[in-house]
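Structural overview
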Amino acid sequence: MRTVRLRILSVLVLAAGLLVTVLPAAPAAASASSDYPEFPYPAATGYDEPYRGQFHFSSRSGWMNDVNAPLYYNGLYHLFYQHNPHGLAWDTMHWGHATSPDLVHWTQKPIALEPGAHPGDLFSGAGVVDAANTSGLRTGTDAPIVVFTGTNGVSIAYSTDGARTFQNYDRGRKVVTPSGTSRDPKVLWDAARGRWVMVVWSDGGGNGVNVYTSANLLDWTYRSRYSAGWLFECPDFFPLPVDGSTGNVRWVMTDASGEYVTGTFDGTTFAPDWSSPQRMDQGHNAFDGSFYAGLTFNNMPDGRTVQMAWQPGNRGGTWTGNASFPAQLRLITTPAGLRITRNPVAELAGLRADTTTWSNRTITADPATDPFAGITADTYEIVAEFDTSTATAAQFGFQLHRRADGGYDRAVTYDRAAQTLYGAPLPPLNGRVKMRLLVDRGQLEVFGNDGRLSWTDNVNFNSAQASQGIRLFATGGSVRLVSAELHRLRSAWGQGEATLETNLAGPWRAVGGSWGDAATGKRGTAGGDAFYLSATTAADFTYEGDVTIASGTAAALTFRSNADATQQYTANVDASGVVKLWRPGRVIATAPATVTPGRTYHLKVVAAGASIKVFLDHGTTPVIDATDMAYASGYLGANVFNGTAAVQNLTLNGPGFATNLAGPWQPVNGTWTTAAPRPGAHGNAAGDTFYLSRTVAADFTYEGDLTIVNGTAAALTFRANADATQHYTANIDASGVVKLWRPGRDIATYATAIVPGRTYHLKVVAAGAGIKVYLNNGATPVIDATDTAYASGFLGANVYDGTGVVQRLNRS
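Residues numbered from 1 in each chain as written. Predicted model: local features only at pLDDT ≥ 70, side-chain atom pairs only at ≥ 80, totals over all residues. Heavy atoms only, no water.

Here's the deal with the overall build of the protein chain
- Secondary structure summary: the protein chain contains zero helices and 57 strands in total.
- For a compact globule of 812 residues, the expected C-alpha radius of gyration is about 28 Å, and the protein chain comes in at 30 Å, within 12% of that figure.
- In the protein chain, which comprises 812 residues, the share counted as buried stands at 58%.
- Of all intrachain contacts in the protein chain linking residues separated by at least 6 positions in sequence, the fraction that spans at least 24 positions is 61%.
- Split by element, the accessible area of the protein chain, about 28,100 Å² in all, is 50% carbon and sulfur.
- Between the mean site of the 60 positive side-chain charges and the mean site of the 65 negative ones, the protein chain shows a separation of 2 Å. (Helix = DSSP H or I, 4+ residues; strand = E, 2+ residues; numbered from the N terminus. Rg over C-alpha atoms; globule rule 2.2 N^0.38 Å. Buried < 20%, exposed > 50% of the residue type's maximum accessible area, 1.4 Å probe, protein only. Contact = heavy atoms within 4.5 Å. Areas by Shrake-Rupley, 256 points an atom, 1.4 Å probe, with all protein chains shown as cover. Lys, Arg positive; Asp, Glu negative; His and termini not counted. Charge placed at Lys NZ, Arg CZ, Asp CG, Glu CD.)

With respect to the sheet that holds strand β33 (residues 453-458)
- Taken in spatial order, the six strands make up an open sheet running β25-β35-β26-β31-β32-β33, and their pairing is antiparallel. Every interior strand has two partners, whereas the edge strands, β25 (352-363) and β33, have only one. Sheet twist, expressed as the mean angle between neighbouring strand axes with direction ignored, is 10°.
- Examined bridge by bridge, strand β31 (residues 432-439) and strand β32 (residues 443-448) share five bridges and lie antiparallel to one another. Residue pairing in the sheet places Arg436 in a bridge with Phe447 of β32. (Pairing = 2+ DSSP bridges. Axes fitted to C-alpha atoms, helices over the stretch in contact; angles between N-to-C directions.)

Concerning the sheet that holds strand β30 (residues 424-425)
- Reading across the sheet, the five strands line up as β30-β29-β28-β27-β34 and stay open at both edges, with antiparallel pairing between neighbours. Since the sheet does not close on itself, it has two edges, and those belong to β30 and β34 (469-475), each with one partner.

Here's the deal with the environment of Phe700
- Along the chain, the position of Phe700 falls in strand β50 (residues 700-720).
- The sequence separation of Phe700 and Gly768 amounts to 68 residues, and the corresponding C-alpha distance is 9.6 Å.
- Once you skip the residues sitting within four places of it in the chain, Phe700 turns out to touch Phe718, Arg719, Val764, Val765, Ala766, Leu795, Arg811 and Ser812.

So, the pairing of strand β42 (residues 586-592)
- In the sheet, strand β41 (residues 578-583) pairs with β42 via six bridges, with the strands oriented antiparallel. Within β42, the position partnered with Lys580 by the bridge is Thr590.
- Between β41 and β42, which pair antiparallel one after the other, the connecting turn spans two residues, and Gly585 there sits at a positive phi close to 90°.

Comments concerning the nonpolar core
- Core analysis: the biggest nonpolar cluster contains 42 residues, and Phe541, Phe559, Val573 and Leu650 have the highest contact counts within it.
- In this view, Phe541 contacts Phe559, Arg560, Val605, Val606, Ala607, Leu636, Leu652 and Asn653; residues no more than four positions away in its chain are not counted.
- Core analysis: the second largest hydrophobic core is formed by 38 residues, Leu706, Val738, Val764 and Val773 among them. (Core = buried A, V, L, I, M, F, W, Y, C linked by side-chain atoms within 4.5 Å.)

A few points about the packing of aromatic side chains
- Tallied over the full model, the rule gives 40 aromatic pairs.
- Taking the centre distance of 5.8 Å and the plane angle of 85° together, the rings of Phe80 and Phe166 count as edge-to-face. One end of the pair, Phe80, is in strand β4 (residues 76-84); the other, Phe166, is in the loop between β9 (155-159) and β10 (167-168), with 86 residues separating them in the sequence.
- Each residue in the set Trp358, Phe372, Phe386, Phe396, Phe398 and Tyr414 is aromatic and connected to the rest through ring pairs, giving one cluster.
- Taking NZ or CZ as reference, Arg509 lies 5.5 Å from the ring centre of Tyr635, over its face.
- Here Lys763 stacks its cationic end above the ring of Tyr774, 4.8 Å away from the centre of that ring. (Phe/Tyr/Trp six-rings, centres within 6.5 Å; stacked < 30°, edge-to-face > 60°. Lys NZ or Arg CZ within 6 Å of the ring centre and 35° of its normal.)

Digging into unusual backbone geometry
- Note that the residue after Gly506, namely Pro507, is joined by a cis bond; omega there is 0°.
- Structurally, Pro507 can be placed in the loop between β35 (479-489) and β36 (509-511).
- Between Gly663 and Pro664 the backbone carries a cis peptide bond, its omega angle lying at 0°.
- Here Pro664 lies in the loop between β46 (634-652) and β47 (666-668).
- For Gln419, which is not glycine, the phi torsion reads 55° and is therefore positive.
- Within the secondary structure, Gln419 sits in the loop between β28 (408-415) and β29 (420-421).
- At His618, a position not held by glycine, the phi torsion is positive, near 65°.
- Tracing the backbone through its elements, the reader meets His618 in the loop between β44 (611-616) and β45 (624-627).
- By relative accessible area, His618 is classed as buried at 11%.

Remarks on the pattern of salt bridges
- Applying the stated criterion across every chain, the model contains 35 salt bridges.
- Among the salt bridges present, the one from Asp281 reaches Arg342, with a minimum N-O distance of 3.5 Å. Taken as a pair, Asp281 in the loop between β19 (278-279) and β20 (292-296) and Arg342 in strand β24 (residues 337-344) lie far apart in primary sequence, 61 residues in all.
- Judged by relative accessible area, which is 0%, Arg342 ranks as buried.
- The closest approach of N and O atoms between Asp787 and Arg745, which form a salt bridge, is 2.6 Å. In this pair, Asp787 sits in the loop between β56 (783-786) and β57 (793-811) while Arg745 sits in strand β53 (residues 745-751), placing the two residues 42 residues apart along the sequence.
- You can call Arg745 partly exposed: its relative accessible area is 35%. (Salt bridge = Lys/Arg side-chain N within 4 Å of Asp/Glu carboxyl O.)

As for the side chain of Gln807
- Residue placement: Gln807 occurs in strand β57.
- A polar contact is formed between the side chain of Gln807 and the backbone oxygen of Gly656, at a distance of 3.0 Å.
- In this structure Gln807 touches Gly656, Phe657, Ala658, Pro679, Gly680, Gly704 and Asp705, once residues within four positions along its chain are discounted. (Polar contact = N/O pair within 3.5 Å; in protein donor to acceptor, adjacent residues only side chain to side chain.)

Some words on the environment of Asp405
- The topology assignment puts Asp405 in the loop between β27 (395-402) and β28.
- For Asp405, a relative accessible area of 67% puts it in the exposed group.
- For the pair Asp405 and Ser467, spaced 62 residues apart in the sequence, the C-alpha separation amounts to 9.9 Å.

What about the pairing of strand β12 (residues 195-202)?
- Counting buried residues in β12 gives eight out of eight residues, a clear majority hidden from the surface.
- In this structure, strand β11 (residues 182-190) lies alongside β12, joined through seven bridges in antiparallel fashion. Looking at the pairing, Lys186 lines up with Val199 of β12.
- From the end of β11 to the start of β12, which pair antiparallel, there are four residues, and Gly194 there has a positive phi angle of about 65°.
- Here β12 runs beside strand β13 (residues 208-214); their pairing, made up of seven bridges, is antiparallel. The residue bridging Val200 from the neighbouring strand is Asn210, located in β13.
- What sits between β12 and β13 in their antiparallel hairpin is a turn of five residues, with Gly205 showing a positive phi close to 80°.

Focus on the confidence of the model for the protein chain
- Mean pLDDT over the protein chain: 94, with 96% of residues reaching 70 or higher.
- Across residues 2-29, confidence stays below pLDDT 50; counting only partners more than four residues off in sequence or on other chains, it has 52 contacts. (pLDDT = per-residue confidence, 0-100.)

Structural notes on the side chain of Ser454
- Along the polypeptide, Ser454 turns up in strand β33.
- The class for Ser454 is buried, based on a relative accessible area of 2%.
- At 2.6 Å, the side chain of Ser454 forms a polar contact with the side chain of Asp281.
- Among the polar contacts listed, one links the side chain of Ser454 to the side chain of Arg342, at a separation of 2.7 Å.
- Residues contacting Ser454, with those up to four places away along its chain left out, are Met280, Asp281, Gln282, Gly283, Arg342, Val446 and Phe447.

Below, the structure is given as structure tokens:
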């Protein structure tokens, strides 16, 4: 990312043939830790606006620039990117985040790195999966995902929950600081040496990169500097086999504009084969062009080298910028030397809706020779091969989005005398020229001769029905079309869940009402009943989730449903003051409960044959214990009735919140939910929030596992009154202490390193005025204090100024 361009007060763009000035939005304010992770996007979008790419990723809304930290982990590809979610111009960089199961169908996720929650300038950087836990940051079943960001020094953030949330390493301390202006770290695993490598761009002494190595991702050693005047910002560094041979590997160094050199790397020093770079893409390679800041994916499951880049020239009413379609990179031998090829990843074929093929046609200026005559398409792929050895035509190619009056939006032309395709050099190969075109609503990608030519462009295609023609043309003679394929491409949008955390299979289906994405999960609105059904069916199970009535009557879990929800069981919280189990035609059972709109409730259903038990807010005793034999199996999902409600953390047979304390649990301030990716009760608040069980105790041993996700503290609370205005609390505090406190007094502290994202075990032994606090199963208390303020009260948990998780809260 270029710091100079950040000071530009307007961005000049060519749109619809006019020079347009796009002014920056109002400054985007940093967020508090309690707001993280933010989802600042419209609840619903069809991704069908004019010029919105249908198979090119763009942010749901807001500004997008450099691709950051693309990687694969646990069945998902992760794309992070420079992002201003609050405006259409560059401002106050966040890291946006999207995921895909196949590199094609992308789903917007909540913000990954957020000013306020994460320190420093959150500029471009890299990410890796630390599968071997070399960093020691693993806290559960997920491998750490470690990302690198910052300017004038590199800071680290990491995730231990599959990239749902990120913690700061050592409060954002710079782990390396090159001389001069520096930014854009790229990190990768050097398998030959068994260690990590980082390259960081800087201008200290001129353009170039510093090379560092590390055994653990946290402590880095400077090794060398590669200086090159052409190498400006956003470097990438990766090995590629020559002609597919694993016995002949060259290393590739690239910059933001797609320039590259090949060379050797001995683990410390990069030695280039050439002094002057080649260019892997011929598009407008600039921060205001159509191809910039490309990065390759780390941790690919199949060993491919796949790249995505930023396309700055695409914009609409709600977004600016898009990502290029993922391209596989190869290194081949050509008469001119080693060259990189770029080709769309094979997964593109999954979008093909229909295919038409032709072969052995002679194309002339006569429209009757055009096999594409009369064909219309909006978003599509063309693959064509031409015989230039017998051609007499001066030019041939395709006119795209052609209209009846002869006008068209863009032509892709091969000039036989100049040997250029789309204006870039492309000599015939064995007397043939191959073209592959990806035509999207705001993007055009041109590939020639199996990727020897790549041109990534932004084009505002008119998608009106009258402007969807295609013409294959030849001028000044004839050319033989060896073969051609037209593949209409479906939209890639709408396949995943952006904010709903669940282990249930998709795609999900709405049955009635309207359903959209919100920071609180999936939000439904209906005048009557509306259902949201997963693709998971079950007969006997434990099914649980968090439900919140925003306005109206009820929010619910639905189970054993048929496809149209005319047969189903539903367990809800109802604003009339009950928990209700019902099916069409019968209210099976109700239980009184105080139900307040805006408060989140946790429902759990345990179904075994005809037996259905409903638990509220982690109670150990069901509030409903009923028998009904109407439906034995069916889909799992959610329901909202007569109003607006949200559902979240819908989990089948998950670990849940483990405790032997009596419920229902009661929140005091803040919000408490139960998320499957990191089992336990999750508390979130700007200040103090408490979660109190119904268990009252005076003298006891009380213990549990505590994790600070983001923010300040997570804790055990005991001897509390009902509104937690009186209590004792023993916490882990990210400032570096274990603290025992009560309102108005810090009783005692113990200094120790507390790392956000890591789980700590606290145990409290209380006997009269004596209170002892033990850390991580130690034999000796880290706090041994005396206080007589409160003799007895509720047991529970506390989180302060952010998000924390508590789990396995047990009294003995």
